[in-house]
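Structural features, examined
Read off the chains here:
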Amino acid sequence: MSLATRNGTGPVEAPVSPPKVVRQRRMRPGLLGLAVLLIALGGLGAAFAVTSVRATGSYLAVARPVEVGRQLSADDLVPVQVAGGQGLSPVAADRLDEVVGKRAAVSLTPGTLLTMTQLTDDPLLGPGQQQVALGLDLAEVPARELHPGDKVLLVSTPDDNAGPSATAGTRFEATVIDTSTSENDDEVVVYLALAVRDVPAVVALNAQERIAVVLTEAA
């Protein structure tokens, strides 16, 4: 209770205003249910997002270098577990038998995931080409290793029986398809894609051991 003084007559009792009562709004049952539903859906959406990001799959990765044009073997690939994978198109590990035997359309680097766009069924022989094989001594191979897709130049060498005035230097462009090494490792057989018109001359020069191989472009 508060006291007030009027005209100096002394304190008198003044009326006190009653306290205001704030009415609480009641939540409608329908709105409450909607809020609970939205919260639940938000939680499910977050859980789905986390699950999709954390989901793992088994895919094929390159285990060792594979040159352009070489056929894939099972030893060239290894299964790996990859999380997520959104935006990627790697080959699933259970498709190993499907990709073994296909050729590499590009150079394959170890540690990268394999995709079908990196593979082809087409041979390296193009239209108007034929395949020939040249047996070369190790000293005649123009690089430590030749790889499928390498571009080479076959150059004719002088004929020893024609005398010192004989000229040479006829050139033939070719592409390496494959190579193999003899059992005693003293000769390398190089398989080449060659224009049909050049095949007879190259075969004749090879029989006379009058061909030098020059590497012009590595795959």
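Here, every reference points to the structure presented above.
A short tour of the structure in this document, coming up.

Quick look at the overall build of the protein chain now. Per the secondary structure count, the protein chain includes 3 helices and 11 strands. In the protein chain, the succession of α and β elements from N to C terminus is β-β-α-β-β-α-β-β-β-β-β-β-α-β. Put simply, of all contacts in the protein chain between residues at least 6 apart along the chain, 63% involve residues at least 24 apart.

Unusually for a residue other than glycine, Glu-209 sits at a positive phi of about 55°. Of note, Glu-209 is situated in the loop between α3 (199-207) and β11 (211-217).

On to the side chain of Arg-210, then. If you trace the backbone, Arg-210 turns up in the loop between α3 and β11. Buried and unpaired, Arg-210 has no salt bridge, with Asp-159 as the nearest side chain of opposite charge at 4.5 Å. At 2.8 Å, the side chain of Arg-210 forms a polar contact with the backbone oxygen of Thr-157. Contact partners of Arg-210, with chain neighbours within four places excluded, come to Val-155, Ser-156, Thr-157, Pro-158, Asp-159 and Leu-205.

As a further point, take the pattern of salt bridges. Taken as a whole and assessed by the stated rule, the structure comprises 5 salt bridges. The salt bridge involving Glu-98 is made with Arg-95; its shortest N-O contact spans 2.7 Å. You can call Arg-95 partly exposed: its relative accessible area is 29%. Counted as one network, the salt bridges with shared partners bring together Arg-64, Arg-70 and Asp-76.

Turning our eyes to something else, we now look at α3. Inspection of α3 places Val-199, Val-202 and Leu-205 among the buried residues, and these make up the whole buried set. Around the axis of α3, the buried residues are gathered within 135° of arc, so they sit on the same side. Of the exposed residues in α3, those oriented more than 90 degrees away from the buried face are Pro-200 and Ala-207. Tucked inside the fold, the buried residues of α3 contact β7 (129-137), β8 (151-156), β9 (171-181), β10 (187-195) and β11. Where α3 ends, the next residue or the one after it, Glu-209, has phi of about 55°, a positive value.

Moving on to the sheet that holds β11. The strand order across the open sheet built from 5 strands is β7-β10-β9-β8-β11, with neighbouring strands paired in antiparallel fashion. Edge positions in the open sheet fall to β7 and β11, since each of these has one partner strand only. The average angle at which neighbouring strand axes cross in this sheet is 40°, direction not considered. Sheet topology note: the β9/β10 ladder contains 7 bridges and is antiparallel. Among the inter-strand pairings, Thr-175 is bridged to a residue of β10, identified as Ala-193.

Next up on the list: the side chain of Asp-150. Checked against the element boundaries, Asp-150 lands in the loop between β7 and β8. Although Asp-150 lies buried, it forms no salt bridge, and the closest oppositely charged side chain, Lys-151, sits 9.1 Å away as judged by the N-O distance. Reaching out from Asp-150, the side chain makes a polar contact with the backbone nitrogen of His-147 at a distance of 2.7 Å. Other than its neighbours up to four places away in sequence, Asp-150 contacts Glu-145, Ala-174, Thr-175, Val-176, Leu-215, Glu-217, Ala-218 and Ala-219.

Below, the discussion takes up a negative patch on the surface. A surface patch of like charges, here negative, comprises Asp-137, Glu-140, Asp-185, Asp-186, Glu-187 and Glu-209. Given a relative accessible area of 41%, Asp-137 falls into the partly exposed group.

Bringing the nonpolar core into the picture now. Formed by 19 residues in total, the largest nonpolar core has its most connected members in Leu-134, Leu-154, Leu-192 and Leu-194. Within the residue set of this core, elements represented by two or more residues are β7, β8, β9, β10, α3 and β11. A total of 4 residues in this core trace back to one element, the largest contributor, which is β10. Residues within four places of Leu-154 in sequence aside, it is in contact with Leu-134, Thr-170, Arg-171, Phe-172, Ala-174, Leu-192, Leu-194, Val-202, Ile-211, Ala-212 and Val-213.

Rules and cut-offs
- Residues numbered from 1 in each chain as written.
- Predicted model: local features only at pLDDT ≥ 70, side-chain atom pairs only at ≥ 80, totals over all residues.
- Heavy atoms only, no water.
- Helix = DSSP H or I, 4+ residues; strand = E, 2+ residues; numbered from the N terminus.
- Contact = heavy atoms within 4.5 Å.
- Buried < 20%, exposed > 50% of the residue type's maximum accessible area, 1.4 Å probe, protein only.
- Lys, Arg positive; Asp, Glu negative; His and termini not counted.
- Salt bridge = Lys/Arg side-chain N within 4 Å of Asp/Glu carboxyl O.
- Polar contact = N/O pair within 3.5 Å; in protein donor to acceptor, adjacent residues only side chain to side chain.
- Arc of directions from axis to C-beta.
- Pairing = 2+ DSSP bridges.
- Axes fitted to C-alpha atoms, helices over the stretch in contact; angles between N-to-C directions.
- Patch = residues over 30% accessible without salt bridge, like charges linked within 9 Å, V, L, I, M, F, W, Y side chains within 5 Å.
- Areas by Shrake-Rupley, 256 points an atom, 1.4 Å probe, with all protein chains shown as cover.
- Charge placed at Lys NZ, Arg CZ, Asp CG, Glu CD.
- Core = buried A, V, L, I, M, F, W, Y, C linked by side-chain atoms within 4.5 Å.

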